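Residue strings, one per chain:
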Amino acid sequence: MKGAGKIDPLADLSPGSVCQIVSLELSGLLRRRILDMGIVPGTIIRCIRRGPSGDPTAYLVRETLIALRNEDATQILVKRLSNGEENV
Amino acid sequence: MRPLTPSGSLSDVCGKAESVRNSNLNSLSDQIVADIYGNAELITKQVLSKKKTHQKGLDQRLDDLVTSKWFGYPLMLLMLVIVFWITMEGANFPSRLIASGLFTFQDQLTLWFQWAGTPAWIHGILVLGVYRTLAWVVSVMLPPMAIFFPMFTLLEDSGYLPRIAFNMDHIFKKAKACGKQSLTMCMGFGCNAVGVTSCRIIDSPRERLIAILTNSFVPCNGRFPTLIIVTSIFIGGTFVPYSGFVTAFVISGLILSGIAVTLLVSRVLSVTILKGEPSSLVLELPSYRRPQIGAVIYRSMIDRTIFVLRRAVLAAAPAGAVIWILANTYLGQQSIIVSLAQALNPIGQLIGLDGFILLAFILGLPANEIVLPILLMSYLSTGYLQDLGSLDGLRNVLVNNGWTWLTAINVMLFSLFHWPCATTLLTTYKETGSKKWMFLSFIIPTIIGISVCFILTQVVRSLGLV
């Protein structure tokens, strides 16, 4: 499990990998929306897929698929749990 | 704690207070939300047991297909063409059936009126005006709606629409707008007023306004019949065995150009009156589910088809009476409608239409559904009503009034790009709370429509193609 335990932006995750939210570096309305969706520090998130042109990325949060733009996902810091390729 | 030092001004103090509040509030609110979710998770674990599966579910496999790099976009296009193809092929026969039924009943009505000895003008207003327009609207609109809306509701119910937003978001971001705008556009296919209301799902006020102002670039259900009929007559009809497919392709092409204009206008608005950068997107992609057929039929029939048809009928009935009066009141040598059309004719000709067409679009302001009926009524106001149930009869009426393929294309383009109907304008006013945005939502599509038709017409004419 290469890179496990490192702190990274959520956007850097490749599809299939699993991580745990460390902190949200967002503010305002978006921060509240993200919290509302259940993305809070400690939540386990799995990166599922990227859109056809690579931009919004779909993440699995508590069995719900949520798409985030990469700009927003870079502001969410996570701890990698697995790189996931073996887990896909 | 540090002793307070006097600050420069009140706003400095307020600023400091705000920053202190924010820095604490975030961690506090995070803690609260995390606790709530923690509790919820605990409860869930106690009461729910789940089979753990490691294989890829159907959802994942479907998503692999519909959001894939290679198939994502073509698949959306294919869906579009298929939906319209089924709508057109399916609506053809029932439309004719309803038309012949209703027009036969019109003759019966006329007999009854004659038998009762009612004056000619009452018969004119009620039967030739109100009833005939209503018969038109119902026979032309009901079958395509009864097919299109359930199909659309099926797509909606299955969970495919959020995937469209997911696929399209990148493109909308480039236009500095929100991917959810593609959802409000999908709603616009049904009804632009509903589309405008649905813009509430967009969080950023700037992007919401963009979505509202551009919603009418998606042809609503009231404009489909016009597009479908004109395409079938002038384009599809020339490729006889494949007319359904050709028509579906042409209409899909029109819709694509509407989408292109939407993106362009969104982009232009973003650098002019609605300056700003694209904000965020949090889009939930619910799992696919098997649509409940009963609910789909109920919802699409009662909530949509009947709703839209009712609106069309309410607008068409008085419009039919007004048209009949305009067409049969003579000021000097000619009827009012002919005078009005002649006054509009120079402008109409400039953009490849004619005075009657322009008048029909103007009188169609209450509801786009009645544009074509009004046009036919005014074309026929002097002549005898022929067999309008068949496309050939319609084609004759239009060709006799000087239509060419260029007129047909211009009518379709103008139908796609012109002022939204009165309901949509009122809804825009209600949603934005400002007359300025309502006016912009009126003028932007109008300017685009006039310029597009003008340029096309002048180019085609100067090349001598018509």
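Look a little higher up for the structure.
Quick caveat, the model's predicted, so the values are computed rather than measured. (Residues numbered from 1 in each chain as written. Chains lettered and ligands numbered in written order. Predicted model: local features only at pLDDT ≥ 70, side-chain atom pairs only at ≥ 80, totals over all residues. Heavy atoms only, no water.)

S.K.: When you look at the packing of aromatic side chains in this model, what are you seeing that I'm missing?
M.R.: Within a pair of aromatic rings, the relevant descriptors are the distance that separates the centres and the angle that separates the planes. Residue and element names in this part refer to chain B. According to the stated counting rule, one finds 14 aromatic pairs over all chains in the structure shown. Consider the rings of F84 and F224, whose centres lie 5.0 Å apart with planes at 45°: the pair is tilted. Taken together, the residues F84 in helix α3 (residues 72–116) and F224 in helix α9 (residues 224–234) connect sequence positions 140 residues apart. Of the residues examined, F84 reaches a relative accessible area of 2% and is grouped as buried. Looking at F224, the relative accessible area reads 4%, which means it is buried. Geometry around F234 places R395 over its ring, the cationic atom sitting 5.4 Å from the centre. Here the basic side chain of K436 rests over the ring of W437, its NZ or CZ set 4.4 Å away from the ring centre. (Phe/Tyr/Trp six-rings, centres within 6.5 Å; stacked < 30°, edge-to-face > 60°. Helix = DSSP H or I, 4+ residues; strand = E, 2+ residues; numbered from the N terminus. Buried < 20%, exposed > 50% of the residue type's maximum accessible area, 1.4 Å probe, protein only. Lys NZ or Arg CZ within 6 Å of the ring centre and 35° of its normal.)

S.K.: Mind showing me how you'd approach the interface of chain A and chain B here?
M.R.: Interface size is often expressed as the accessible area that is lost when the parts come together. Contacts between the two partners involve 33 residues from chain A, matched on the other side by 35 residues from chain B. Carbon and sulfur atoms make up 53% of the area that chain A and chain B hide from each other, which totals about 2,800 Å². Of all residues in chain A, R49, P52 and R69 of chain A give up the largest surface area on contact with chain B, accounting jointly for 28% of the area buried on that side. At the boundary of chain A with chain B, the tally comes to 6 salt bridges. In this assembly, chain A and chain B are joined by 16 residue pairs in polar contact (both at pLDDT 80 or more). For the side of chain A that touches chain B, the secondary structure elements donating two or more residues are α1 (28–36), β3 (44–50), β4 (57–61), β5 (64–68) and α2 (70–73) of chain A. (Contact = heavy atoms within 4.5 Å. Buried area = accessible area lost by both parts, 1.4 Å probe. Salt bridge = Lys/Arg side-chain N within 4 Å of Asp/Glu carboxyl O. Polar contact = N/O pair within 3.5 Å; in protein donor to acceptor, adjacent residues only side chain to side chain.)

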